[in-house]
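Analysis of the macromolecular model
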Amino acid sequence: MDTNLAVEMRKVTKTFGSVVANENVDMQLRKGEILSLLGENGSGKTTLMNMLSGIYFPDSGQILIDGKPVTIASPKDAFKFGIGMIHQHFKLIDVFTATENIVLGLEDNKKFDLEAASKKVLEIAEKYGFQINPKQKIYEMSVSQKQTVEIIKTLYRGAQILILDEPTAVLTPQETEKLFAVMKKMRADGKSIIIITHKLNEVMEISDRVAVLRKGQYIATVNTSETNPQALTDMMVGRATVLDINRPEPVNPEPRLVVENLTCVDEEGVKRLDNVSFTAYSGEILGIAGVAGSGQRELLEAVAGLYPVKSGTIVYSSDYKNSKSLVGLDPLSIRKMGVTMSFVPEDRLGMGLVGTMGMTGNMMIRSWRKGKSFFLDRKSPDKLAQKIKEELEVVTPDVNYPVRRLSGGNVQKVLVGREIAAAPSVLMTAYAVRGLDINTSYTIYNLLTAQKEKGVAVVYVGEDLDVILALCDRVMVLCGGQVSGIVDARTTTKEEIGLLMTQFRREGAKENE
Amino acid sequence: MSEAMVQILTLFHSGVVYGVIILFGALGEIITEKTGHLNLGVPGIMYLGGISGLMASFFYENNNPDANTAISIILAIVFAFIGSALGGLIYAFLTISLRANQNVTGLALTIFGSGFANFFGGMLNSMSGGVGQISVATASNGFRAYISAIAGNDTKDPLYAIFGYGWLAYVAIALAVILYFVLNKTRVGLSLRAVGEDPATADAAGINVTKYKYFGICIGAGISGMGGLYYTMDYIKGTWANDGTIEALGWLAVALVIFTTWKPLNAIWGAILFGICYWSYLYIPGLDRSSSEIFKMLPYLFTLAVLIVVSLRKKRETQPPAHLGLPYFREER
C-alpha cells in the first residue's frame with residue numbers, strides 16, 4: 001500500500017434520484033501535493049469533493065485517509081480527519097469579525113478568549129503569507145479577504161487536507177497570484193491541497209498532478225509536467241458523440257438582434273460583460289457556450305431589460321427597416337416587441353414561475369394584460385396549459401396543481417412551453433434541458449428547431465457541448481464576460497470550443513482580464 | 001426644593017417603575033430576537049408571568065397563615081418564570097419545529113396569554129370575594145422592600161428617586177448588564193448571535209441551531225414574564241387588575257427592542273425614557289383626556305424616529321439579526 005497517500009477514494013458512486021453525479025470514481029491525493037480536479041460543468045467535481053467534506057454521503061465506494069478506511073458523515077467528521085473545504089459560497093457571518101467567524105462553533109474546552117484567538121490567527125497568517133486584520137468585520141471585506149478568512153478558518157482547526165472549490169473564480173489576477181503563492185507555502189509545509197478549477201492555465205501553473213472527470217466518470221490522473229493544455233482539453237471534453245438532432249439550414253437569415261460593445265457592471269463594480277458584440281439572425285439558433293458564470297445570465301438579462309447596461313448598444317430589428325434600441329427600455333416593452341427569455345436557474349422556480357400556482361395560473365402571469373374585461377380571462381390560459389401539458393407531456397395530475405410540486409423536468413417544460421407560446425421573434429433560453437432525461441431533452445430541441453424554422457432568432461445557452469454542436473448553427477463562446485470567439489457549429493470541433501472556453505488561444509485576453 | 005424639581009423627581013420615579021416592567025419584557029425579547037425569532041407574544045407572556053406568580057403566592061399565602069416571605073417570593077418568581085417560559089415553549093415549538101409563521105404565532109400567543117391571565121385573575125377575584133380583594137401582602141411587601149435606610153420615605157428626596165424601588169428593579173438592570181456580557185463576551189453568546197444571523201453557517205460550524213433557538217426563546221420568555229410579575233407584585237401591590245396595562249407595556253417592550261437596536265445596555269436608559277414618556281402627560285399642564293393620549297404615543301414616535309435614523313445610516317451593527325423572522329430548514333438551500 002502506498003503510505004504516501006493523504007486521501008484515497010475508491011470506486012465512489014453518488015446518485016441524485018436518477019442522475020448519476022459520480023460513478024465509480026477513483027482519486028488519490030498524495031501528501032504535500034497540489035492536485036487539480038479538472039472537468040466541465042456538471043462533471044461531478046464538486047459532488048466528489050462534497051463527499052470528502054461530509055456534505056454528501058457516498059452511495060457506495062470507500063474513502064481512505066492516511067491509508068485507513070473512514071466514514072465521513074458530517075462536516076464535523078471531516079474536520080476530525082483534518083479535511084477542510086473552502087466553498088465557492090462563503091459560510092461567514094457578515095456582522096462578525098474575522099476572528100469571531102474563525103472560532104465560531106469551536107469547542108476546545110479552553111477559556112473563551114478572542115484576543116488569544118486573534119493572535120493565533122495572525123500567527124497562521126504570517127506563516128503562510130496571508131494578509132488579514134482579525135478585528136475587521138466580514139461585511140467590510142473584499143471577496144478575496146473573505147476567502148482568506150475561510151482558508152484560515154480551516155487551518156485554525158488544524159486541517160491537513162484543503163479543498164478549494166473554484167477559488168479563483170471570484171478573484172482578480174493579482175489576488176490569484178497571491179493565493180497561489182500562499183498555496184505553494186502550504187504545500188511546502190506538508191499540506192495536501194485539491195483545487196477544483198476549469199481554467200487550464202491555472203492548472204498548468206499551480207498543480208503537481210491533474211485528475212480529470214467527465215460526466216461523472218473518472219478519466220485519468222496525469223502529472224502536470226508531462227501534459228499540455230491540448231491533451232487536458234481532449235480528456236475533459238472527450239470524443240464528440242453524434243447526436244441525432246434535426247438541423248435544417250437557416251432560411252433567409254436577417255439580423256434580428258444586434259449587440260455591440262455591450263458592457264455590464266455588477267453592484268460590486270466587477271465587469272460581468274466586457275465589450276460583447278454579436279448578431280442573432282432570424283431562422284437560426286445561436287448557441288452560447290462557456291463555463292458557468294462567464295456572463296451568460298447577465299447577457300440574457302441585459303437583453304431582456306433586467307440587468308443594467310453600462311455601455312454599448314442592443315438593437316432589435318423586426319425587419320431591415322425597423323430598428324429599435326432596447327437599452328433603457330423596461331422589460332415589459334421589450335417583451336411586447338417579441339423578445340422573450342426563459343432562464344432555468346439552479347433553483348428552477350426562481351425566475352419565471354410562481355411555485356404555488358398551477359400551470360393555468362402561471363400561463364396567466366403572461367396573459368392577464370391582454371384581457372379587456374374587468375374579470376380575468378381564465379379560459380384561454382387554461383386551454384394553453386392543457387395544450388402544453390399534452391404536447392410536452394407534462395406529468396401533472398391537473399393543470400391547477402402547484403408547479404412547485406412537479407419534478408424539475410416538468411417545471412422546465414411548463415416554462416419553456418409558455419415562452420414559446422408567446423410567439424416570440426427572439427427566443428432566449430438558458431439551460432433549458434438541465435436535469436432533463438434524454439427524451440424530454442429531444443422534445444425541447446425539436447421545439448427550438450421548430451421555432452427556428454418559423455423564422456425566430458433563437459439564442460440557446462447550454463452546458464453540453466455535444467448538444468450545442470448538434471443543435472445550433474453558430475456558437476458564441478463566452479469567457480470571463482468576453483466573447484472569446486464565434487464559430488460555425490457545422491465545422492468547428494469540441495476541442496476548439498473547449499479551448500475558447502478556457503481562453504487558451506487568446507494571448508491578448510490575459511492582460512486585460 | 002422647588003415645585004418643578006419635585007415634579008421632575010416624581011415623574012422620574014414613576015417612569016422608572018414602568019421602565020422596569022418594559023425593561024424585563026425587552027431583555028427577554030432581545031434574547032429571543034437574537035436567535036432569529038420575532039416573538040410578538042411578549043404582552044401575552046408578560047400576562048402569563050404576572051398571573052402565574054400571583055397565583056403561586058396567592059395559594060401559598062391563603063393556605064399558610066404564617067406565610068414565610070422568602071418562600072412566597074421564591075414561589076412567585078419560579079412559577080412566573082415557568083409559566084412564561086411555557087408560553088415561550090409553545091411559541092418555540094410552533095415556529096421552530098412546525099415552522100409556523102412567527103408573526104401569527106406571536107399575536108395568537110398575546111391573545112391567549114391575555115385571555116388566560118384575565119380568566120384566572122377573575123377566578124382569584126371571586127375566590128377572594130370581589131375585585132381588588134386578592135391579597136398576597138407577604139410576597140408583595142417582600143418584593144416592594146427597598147433600602148429605606150438610604151432612600152427614606154420622602155418622595156421629594158433625590159435619593160428616593162434612585163433607591164426607592166422594589167429590588168426587582170435592580171435585578172432588571174443587573175440582568176441587562178449580564179446579558180450584554182453573555183452576548184458579547186462568551187462562546188454561548190457568539191453562537192447564539194450566529195444562529196440569528198445565519199443559521200446555515202452556524203449549522204455548518206457545528207452549532208446545534210435547534211437547541212439554541214429553543215433555549216433562547218424559552219429563557220427569553222421567562223425573563224419577559226418577570227415584567228408581568230413586577231407589575232402585579234410591585235406596581236399594583238399584589239393583586240389583579242385587568243385594565244390592559246400589561247398589554248400596553250408589552251407592546252412598548254417590543255418597540256423598545258427596536259429602539260435599542262438590539263443592545264441590552266441601551267435598553268436600560270431606553271426603558272426609563274419610555275416610562276417617563278408614558279407618564280409625562282400627568283405633568284404637562286392644560287391637557288384634557290383626549291390630548292393626554294397624544295403624549296402616550298411618544299415612545300412609539302421615538303421608536304419610529306430611531307428606525308428612520310438607523311435605516312438612513314445603514315450601519316450593519318444597528319440592523320436586526322439578519323435571519324429575524326425567517327424559518328430555517330437544513331435541507332432547503
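Every chain's residues receive numbers from 1 upward, in the order its sequence appears when written. Chain letters and ligand numbers both follow the written order, the letters beginning at A and the numbers at 1. Given that this is a predicted model, residues contribute local features only at a pLDDT of at least 70 and side-chain atom pairs are listed and counted only at 80 or more, while totals for whole chains, interfaces and linings are drawn from all residues. The basis for every side-chain value is the complete set of non-hydrogen atoms in the structure, without hydrogens or water.

**Notes on the overall build of chain A**
For clarity, the cut-off: Every helix listed is a DSSP run of H or I at least four residues long, and every strand listed is a run of E at least two residues long, numbered separately from the N terminus. Buried residues are those whose accessible area, probed at 1.4 Å on protein chains only, stays under 20% of the maximum for their type, while exposed residues exceed 50% and partly exposed ones sit between those limits. Contact between two residues is taken to exist if any of their heavy atoms lie within 4.5 Å; hydrogens are not considered. All accessible areas in this document rest on Shrake-Rupley with a 1.4 Å probe, and a residue is counted as covered only by the protein chains that are shown. Neither His nor the chain ends is counted toward charge; the positive residues are Lys and Arg and the negative residues Asp and Glu. Taken as the charge centre is NZ of Lys, CZ of Arg, CG of Asp or CD of Glu, depending on the residue.
Tallying secondary structure elements over chain A gives 17 helices and 20 strands in all. Seen along its three principal axes, the alpha-carbon backbone of chain A occupies a region of about 70 × 50 × 45 Å. Residue burial in chain A is summarised as follows: out of 513 residues, 53% are buried. Considering only intrachain contacts with a sequence separation of at least 6, the fraction spanning at least 24 residues in chain A is 66%. Carbon together with sulfur atoms contributes 50% to the accessible area of chain A, which is approximately 23000 Å² in total. Computing the positive centroid from 63 side-chain charges and the negative centroid from 63, chain A places the two 4 Å apart.

**Thoughts on the overall build of chain B**
Scanning chain B from terminus to terminus reveals 15 helices and zero strands. Seen through its principal axes, chain B has C-alpha atoms that stretch 60 × 50 × 40 Å. Counting contacts in chain B only where the partners sit at least 6 residues apart, residues at least 24 apart contribute 77% of the total. Accessible area for chain B stands at about 14500 Å²; split by element, carbon and sulfur atoms hold 67% of it. For chain B, the centre of its 19 positive side-chain charges and the centre of its 18 negative side-chain charges are spaced 11 Å apart.

**Notes on the domain arrangement of chain A**
Residues and elements named next belong to chain A. Inclusion rule: What marks off one domain from the next here is an automatic or database domain assignment. Each of two parts loses accessible area, computed with a 1.4 Å probe, when they are put together; buried area is these two losses added. We count a salt bridge whenever a side-chain nitrogen from Lys or Arg sits within 4 Å of a carboxyl oxygen from Asp or Glu. Here a polar contact is taken to be a pair of N or O atoms separated by no more than 3.5 Å, where protein atoms must pair a possible hydrogen donor with a possible acceptor and residues adjacent in sequence count only if both atoms sit in side chains.
Taken domain by domain, chain A consists of domain 1 (5-237), domain 2 (251-340 + 424-434 + 447-513) and domain 3 (352-423). Computed from C-alpha atoms alone, the centre-to-centre distance between domain 1 and domain 2 is 33 Å. Counting residues at the interface gives 13 residues for domain 1 and 17 residues for domain 2. For the pair domain 1 and domain 2, the summed buried surface comes to about 1300 Å²; carbon and sulfur atoms form 58% of the total. Run the count over domain 1 and domain 2 and you get one salt bridge. Between Asp466 and Lys215 there is a salt bridge, with the nearest N and O atoms lying 3.3 Å from each other. At the junction of domain 1 with domain 2, the criterion picks out one residue pair in polar contact (both at pLDDT 80 or more). Mapped by element, the contributors of at least two residues to the side of domain 1 that touches domain 2 are helix H7 (200-206) and helix H8 (229-237). In terms of residue count, the dominant contributor to the side of domain 1 that touches domain 2 is H8 (five residues).

**Topic: the nonpolar core**
For clarity, the cut-off: By nonpolar core we mean a set of buried residues, namely Ala, Val, Leu, Ile, Met, Phe, Trp, Tyr and Cys, connected to one another through side-chain atoms within 4.5 Å.
One finds A:Ile151, A:Met183 and A:Met186 to be the most contacted residues of the largest nonpolar core, which totals 110 residues. Top element by residues in this core is helix H1 (residues 3-34) of chain B. It accounts for 13 residues. Residues within four places of A:Met186 in sequence aside, it is in contact with A:Tyr128, A:Ile151, A:Leu155, A:Leu162, A:Lys191 and A:Ile193. Membership of the second largest hydrophobic core comes to 44 residues, among which are A:Leu392, A:Leu471, A:Val477 and A:Ala489.

**A short note on the packing of H1(B) against helix H11 (residues 209-235) of chain B**
Residues and elements named next belong to chain B. Put simply, the rule reads: In this analysis, axes come from line fits to C-alpha atoms, helices being fitted only over the stretch in contact, and the angle between any two N-to-C directions falls in the range 0 to 180 degrees. Working definition: roughly parallel below 35 degrees, roughly antiparallel above 145 degrees, roughly perpendicular at 65 to 115 degrees, and oblique for all remaining angles. Charged means Asp, Glu, Lys or Arg here, nonpolar means Ala, Val, Leu, Ile, Met, Phe, Trp, Tyr, Cys or Pro, and polar covers whatever is left, Gly included.
Relative to each other, H1 and H11 sit at 170°, their axes nearing to 6 Å. Considered as vectors, H1 and H11 are oriented roughly antiparallel to each other. Here H1 contributes Val17, Tyr18, Val20, Ile21, Phe24, Gly25, Leu27, Gly28, Glu29, Ile31 and Thr32 to the contact with H11, which in turn contributes Gly216, Ile217, Ile219, Gly220, Ala221, Ile223, Ser224, Met226, Gly227, Tyr230, Tyr231 and Tyr235. Across the contact of H1 with H11, the residue classes break down as 15 nonpolar, seven polar and one charged.

**Considering the environment of A:Met363**
All names here are of chain A. Summarising the element assignment, Met363 is placed in helix H11 (residues 359-367). Taking the relative accessible area as the measure of exposure, Met363 reaches 1% and is therefore buried. Sequence separation between Met363 and Ile219 is 144 residues, and the spatial gap between their C-alpha atoms is 44 Å. What Met363 contacts, discounting residues up to four positions off in sequence, is Pro381, Leu384, Ala385, Ile388, Val414 and Arg418.

**Examining the packing of aromatic side chains**
Which entries qualify depends on this criterion: Pairing of aromatic rings covers Phe, Tyr and Trp, the last counted by its six-membered ring, and requires centre-to-centre distances within 6.5 Å; plane angles under 30 degrees mean stacked, over 60 mean edge-to-face, and any other angle means tilted. Here, a charge over a ring is recorded when the distance from Lys NZ or Arg CZ to the ring centre is within 6 Å and its angle to the ring normal is within 35 degrees.
Scanning the model with the defined rule gives 15 aromatic pairs over all chains in all. Ring pairs connect the aromatic residues B:Tyr18, B:Tyr231, B:Tyr235, B:Tyr278, B:Trp279 and B:Tyr281, which therefore count as one cluster. Positioned above the aromatic ring of A:Tyr156 is the side chain of A:Lys120, whose terminal nitrogen or guanidinium carbon lies 4.2 Å from the ring centre. The positively charged end of A:Arg157 is found above the aromatic ring belonging to A:Phe79, 5.3 Å away from the centroid.

**Side note on the sheet that holds strand E11 (residues 255-265) of chain A**
Residues and elements named next belong to chain A. Convention followed: Note on pairing: two strands pair once DSSP finds at least 2 bridges between them.
Read from one edge of the open sheet, four strands run E12-E11-E14-E15, paired in antiparallel fashion. For this open sheet the edge positions go to strand E12 (271-281) and strand E15 (323-325), each flanked by a neighbour on one side alone. Here the strands of the sheet are splayed against their neighbours by 20° on average, with no regard to which way each runs. Pairing of E11 with strand E14 (residues 311-317) involves five bridges; the strand directions are antiparallel. Its bridge partner lying in E14, Thr263 is registered against Ser311. Across the sheet, helix H9 (residues 296-304) is in contact with E11, E12 and E14; its angle to E12 comes to roughly 65°.

**Digging into the state of the cysteines**
Each disulfide consists of a covalent bond between the sulfur atoms of two cysteine residues. All names here are of chain A. Defined as follows: When two cysteine sulfur atoms lie within 2.5 Å, the pair is treated as a disulfide.
Scanning the model with the defined rule gives zero disulfides over all chains in all. Here Cys264 stays free of any disulfide, with the sulfur of Cys479 as its closest cysteine sulfur at 17 Å. Of the residues examined, Cys264 reaches a relative accessible area of 0% and is grouped as buried.

**With respect to the pairing of strand E1 (residues 5-16) of chain A**
Residue and element names in this part refer to chain A. Sheet topology note: the E1/strand E2 (residues 19-30) ladder contains eight bridges and is antiparallel. Following the sheet pairing, Met9 is matched in E2 by Met27. Sheet analysis places E1 next to strand E4 (residues 60-65), joined by five bridges and oriented antiparallel. In the sheet register, Thr13 faces E4, and the bridge partner there is Ser60.

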